[in-house]
Amino acid sequence: MQNRTKILIGVIVGIIIVIIAAVLLTFSLTVTTGVSGENLPYVTHYNVALPDGEAVMIGSSRIAVMAYNNSVTTDVDGNREQLVVGQTRVISPRHAKITVLGIPLYNADFQFTLQYLGSTGTTDNFDLTVKTSQQVPTFLLDRLMPASVNAKLA
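This structure is a prediction, so every number in the text was calculated from the model and none was measured.

Turning next to the overall build of the protein chain. Within the protein chain, the regular secondary structure consists of two helices and ten strands. Taken from N to C terminus, the helices and strands of the protein chain fall in the order α-β-β-β-β-β-β-β-β-β-α-β. In terms of overall size, the protein chain is more extended than a compact globule, its C-alpha atoms giving a radius of gyration of 21 Å where 154 residues would be expected to give roughly 15 Å. With the C-alpha coordinates aligned to their principal axes, the bounding extent of the protein chain is approximately 75 × 35 × 25 Å. By residue count, 33% of the 154 residues in the protein chain fall in the buried class. Within the protein chain, counting contacts between residues at least 6 apart in sequence, those at least 24 apart form 58% of the total. Carbon and sulfur atoms provide 59% of the accessible area of the protein chain, an area that totals close to 9,300 Å². Counting 10 positive and 10 negative side-chain charges, the protein chain places the centres of these two groups 14 Å from one another.

Below you can see the structure in the form of structure tokens.
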């Protein structure tokens, strides 16, 4: 009887491991520019320090910043804009879709807004506002931020 119990437990653990591996291997986050036009009522704020002169990926947007005097040039996906301290830049809305095992789990529109707060040495500081059409768990938003951005919830 004890051997059957051990075998049964081993089979159950093996099945759970296979299911977890399948979920992890099939997890997919797709970001596109086509949006549904829904309102964006959910808002999360981050304080971010973008590395001066280096491009980073936030979501699917390539963002590079370069400060000069009291202003910063922001390059978002090849579109440049000059900002002074306190000025904001709205990044065009995107649509995110999360699937696991081919099953859609989450669909939402989102939009980033950067407000320039000033520079400190090798980093340029911003208030990053993330607006979404549906509530997004913080751990998913955190996955959009690379480590080089040093993002902290505001």
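Having seen it, we continue.
Next up on the list: the pairing of strand S6 (residues 79-84). Of the pairings in the sheet, the one linking strand S5 (residues 71-76) to S6 comprises six bridges and is antiparallel in character. Note on S6: the bridge partner recorded for aspartate 75 is arginine 80. The antiparallel hairpin formed by S5 and S6 contains two residues in its connecting segment, where aspartate 77 sits at a positive phi of about 50 degrees.

Right, let's get into the sheet that holds strand S10 (residues 152-153). Spatial strand order, S1-S7-S8-S9-S2-S10: six strands in an open sheet with antiparallel pairing. Each end of this open sheet is capped by a strand with a single partner; those strands are strand S1 (28-32) and S10. In the sheet, strand S2 (residues 42-51) pairs with S10 via two bridges, with the strands oriented antiparallel. Residue tyrosine 46 lies in a different strand from S10, and its bridge partner there is leucine 153.

As defined by bridge partners, strand S3 (residues 56-58) adjoins strand S4 (residues 61-68) across three bridges and the pair is classed as antiparallel. Bridged to isoleucine 58 within S4 is serine 61. Here S3 folds back onto S4, and the loop between the two strands holds two residues, one of which, glycine 59, carries a positive phi near 65 degrees. Strand direction decides the pairing type here: S4 and S5, joined by six bridges, are antiparallel. Along S5, the bridge assignment pairs isoleucine 63 with valine 76. With antiparallel pairing between neighbouring strands as the criterion, S4 and S5 make up a hairpin whose turn holds two residues, including asparagine 69 at a positive phi of roughly 55 degrees.

Parameters and conventions
- Residues numbered from 1 in each chain as written.
- Predicted model: local features only at pLDDT ≥ 70, side-chain atom pairs only at ≥ 80, totals over all residues.
- Heavy atoms only, no water.
- Helix = DSSP H or I, 4+ residues; strand = E, 2+ residues; numbered from the N terminus.
- Rg over C-alpha atoms; globule rule 2.2 N^0.38 Å.
- Buried < 20%, exposed > 50% of the residue type's maximum accessible area, 1.4 Å probe, protein only.
- Contact = heavy atoms within 4.5 Å.
- Areas by Shrake-Rupley, 256 points an atom, 1.4 Å probe, with all protein chains shown as cover.
- Lys, Arg positive; Asp, Glu negative; His and termini not counted.
- Charge placed at Lys NZ, Arg CZ, Asp CG, Glu CD.
- Pairing = 2+ DSSP bridges.

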